[in-house]
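So the chains spell out like this:
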Amino acid sequence: MTQQALVQGLFEQQFQSAAELVCHAPGRVNIIGDHTDYNDGFVLPAAINYGTTIAASKREDNVVKVYAHDCDAQTNEFILNEISFDEEMMWSNYVKGTLQALMTKYPDIKGADLVVTGNVPQGAGLSSSASFEVAILKTFTELYQLDLDGVTAALMGQRAENDFVGCNCGIMDQLISAMGQKDHAMLLDCKDLSFEDAPIPDNLTLFIVNSNVKRGLVDSAYNLRRQQCEAVAEYFGVSALREVTLEQLNAAQDKIEPELFKRARHVVSENARVVATLKALKTNDMASMSIAMKASHNSLRDDFEVTTKEMDGLVEMIDGVLGTNGGVRMTGGGFGGCIVALVPTIMVEQIEEVVNSKYEKTFGLKPNIYLCTATQGAFR
């Protein structure tokens, strides 16, 4: 059964009527460029064929009633002009925060009946939260015929996560969910939100493995890493690490606390790798892409210290088979979650076999493999 058919059936069960519309927003995988987005840097994500689907109908009052099928089939109800944080149903805060952000531009929207379902693995680093936020925004845009564009929607989703949920994420996840292009990755400049689409060669598969090491970004060291980056930017008197060159950083090494220096070195060098990977994708230069992705993972492991032994192990297993025919690295915020590989389609079975035969045996965890394609954003 498709997500659309499932959510339509669930809506009829919950509300005894057919939904007026169904909206979808994709999750994403970041091919390269982690922890650069909140430093005004470059990222290279792709929207993927996993996401959040919402069936909805308008209401005449200001009540929003949400049935979340994948969150223990819970229902949450609230009034638009009386929004408050919910400690019990944490998932509902993504809806509340997003609608609060939407109402800064459209204060007169009315309520809605919503049924939400999604197939983005939660806590895996494939951005289930941004997919959820963008799907909510797309739903209300369609329900109430709002003139909301994708970039503004992405900024609203980010604001919901930063100010309401309490996770200092950058703009990447929401923007690729809103504005991704089918069969392309997106080079996004997080400083001015300009972007360029990069074709993913036909013979490559987005091969994603969930390590099943669970992570919770809001509670993790994610916010600490952000503070460390800001401290180095402040040392240089600039707004973000995007403005610092590797030469400047190296010249000041003896004046910066060693741990902070390592954090900054990752960000500054990662920006250069993202640009190199864009060029490699455009010219189908697998060897250069492989080198950049491997260097990115090593930097996230050694300088930013956000990998785990399981993620390092997965990267090593896949790299051992892939060589310079493709690239592999951890993806997302880190501390668990997924690795991503760009794999020639003819090698997919071979790499699946290596992961399935070695990973559980080595680490005692079952891997989940997702073979993905790059898909269209909700507002594209």
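Everything below is about the structure printed above this text.
Please read these numbers as outputs of a predicted model, since none were measured by experiment. Residue indices begin from 1 for each chain and proceed along its sequence in written order. Since the coordinates come from a predicted model, pLDDT governs what is reported: local features require at least 70, and pairs of side-chain atoms require 80 or more to be given and counted, while whole-chain, interface and lining totals use all residues. Values reported for side chains reflect all heavy atoms of the structure, with hydrogen atoms and water molecules removed beforehand.

A. Region of interest: helix α5 (residues 172-179). With a 1.4 Å probe rolled over the protein chains alone, any residue whose accessible area is under 20% of its type maximum counts as buried; one over 50% counts as exposed, and the rest are partly exposed. Labels follow the DSSP assignment, with helices taken as runs of H or I lasting at least four residues and strands as runs of E lasting at least two, numbered in each case from the N terminus. Across the 8 residues of α5, 8 count as buried, placing the element largely inside the fold. Of all the positions in α5, only M172, D173, Q174, L175, I176, S177, A178 and M179 are classed as buried. Residue contacts follow a heavy-atom distance rule, with two residues in contact if any of their heavy atoms lie within 4.5 Å. Contact partners of the buried residues in α5: β1 (21-32), β2 (42-58), α3 (128-143), α4 (150-165), β6 (184-189) and β7 (194-199).

B. Region of interest: the environment of D312. Residue placement: D312 occurs in helix α10 (residues 309-322). As for D312 and R329, which are separated by 17 residues in sequence, their C-alpha atoms are 8.4 Å apart. Residue contacts for D312: discarding those within four places in its chain leaves H297, R301 and T307. Among the polar contacts made by the side chain of D312, one reaches the side chain of T307 at a distance of 2.9 Å. The definition of a polar contact used here is a pair of N or O atoms within 3.5 Å, where within protein one atom must be able to donate a hydrogen and the other to accept one, and adjacent residues in sequence count solely through side-chain atom pairs.

C. Structural view of the layout of surface pockets. Grid points spaced at 1 Å over the protein atoms alone were grouped into cavities, where a 1.4 Å probe fits but cannot get out, and pockets, open sets with protein on both sides within 12 Å along at least five of seven lines, with lining residues defined by an atom within 4 Å of a point. Grid points are joined across faces, edges and corners, and a volume is the space filled by probe spheres set on the points. Taken as a whole, the second largest pocket holds about 160 Å³ of empty space. Together, D183, I200, P201, D202, L204, T205, L206, C372, T373 and A374 line the second largest pocket. By residue number, the principal contributor to the lining of the second largest pocket is strand β8 (residues 204-210), which donates 3 residues. When its residues are assigned to classes, the lining of the second largest pocket shows 6 nonpolar, 2 polar and 2 charged. Lys, Arg, Asp and Glu make up the charged group, whereas Ala, Val, Leu, Ile, Met, Phe, Trp, Tyr, Cys and Pro make up the nonpolar group; the residues left over, Gly among them, are polar.

D. Just the packing of aromatic side chains, in detail. For Phe, Tyr and Trp, rings pair up if their centres lie within 6.5 Å, where Trp contributes its six-membered ring, and each pair is then called stacked (planes under 30 degrees apart), edge-to-face (over 60) or tilted (otherwise). All told, the structure shown has 8 aromatic pairs when counted by the stated rule. Between the aromatic rings of Y38 and Y222, the centroid separation amounts to 5.6 Å while the plane-to-plane angle is 65 degrees, which identifies the pairing as edge-to-face. A residue pair is termed long-range when its members are at least 10 positions apart, and Y38 in the loop between β1 and β2 and Y222 in helix α6 (residues 222-236) qualify at 184 residues. Residue class for Y222 comes out buried when judged on its relative accessible area of 6%. Against the face of F379 rests K138, its NZ or CZ located 5.1 Å from the ring centre. Either the NZ atom of lysine or the CZ atom of arginine qualifies as a charge over a ring when it sits within 6 Å of the ring centre and within 35 degrees of the ring normal.

E. Focus on the sheet that holds strand β10 (residues 338-344). Pairing between strands is defined by DSSP: at least two bridges between them are needed. A sheet is described by the order of its strands in space; here 4 strands give the open sequence β9-β10-β8-β11, paired in antiparallel fashion. Across the chains shown, the open sheet's two edge strands, defined by having one partner strand only, are β9 (327-331) and β11 (368-372). Geometrically, the sheet is characterised by an average inter-axis angle of 20 degrees between neighbouring strands, direction not taken into account. Across 7 bridges, the pairing between β8 and β10 is antiparallel. Pairing of N210 across the sheet is with C338, part of β10. Where helix α9 (residues 286-302) meets the sheet, it contacts β8, β9 and β10, and its direction lies at approximately 30 degrees from that of β9. Working convention: axes come from line fits to C-alpha atoms, limited for helices to the stretch in contact. Angles between N-to-C directions cover 0 to 180 degrees.

F. Main features of the side chain of S177. With respect to the helices, strands and loops of the structure, S177 is situated in helix α5. Polar contacts involving the side chain of S177 include one to the main-chain carbonyl oxygen of P26, which spans 2.7 Å. Here S177 is in contact with A25, P26, A130, S131, V134, G377 and A378, once residues within four sequence places are set aside.

G. Layout of the environment of V151. Looking at the element boundaries, V151 is found in helix α4. Separated by 139 residues in sequence, V151 and E12 place their C-alpha atoms 33 Å apart. Beyond its immediate sequence surroundings of up to four residues, V151 is in contact with L175, M179, L193 and F195.

H. Structural context of the side chain of R273. Within the secondary structure, R273 sits in helix α8 (residues 258-282). The class of R273 is buried, set by a relative accessible area of 12%. A distance of 2.9 Å separates polar atoms of two side chains, one belonging to R273 and the other to E270. Ignoring any residue separated from it by four or fewer positions in sequence, one finds R273 in contact with I32, H266, A292, A295, S296 and S299.

Keep in mind these values describe shape, not function.
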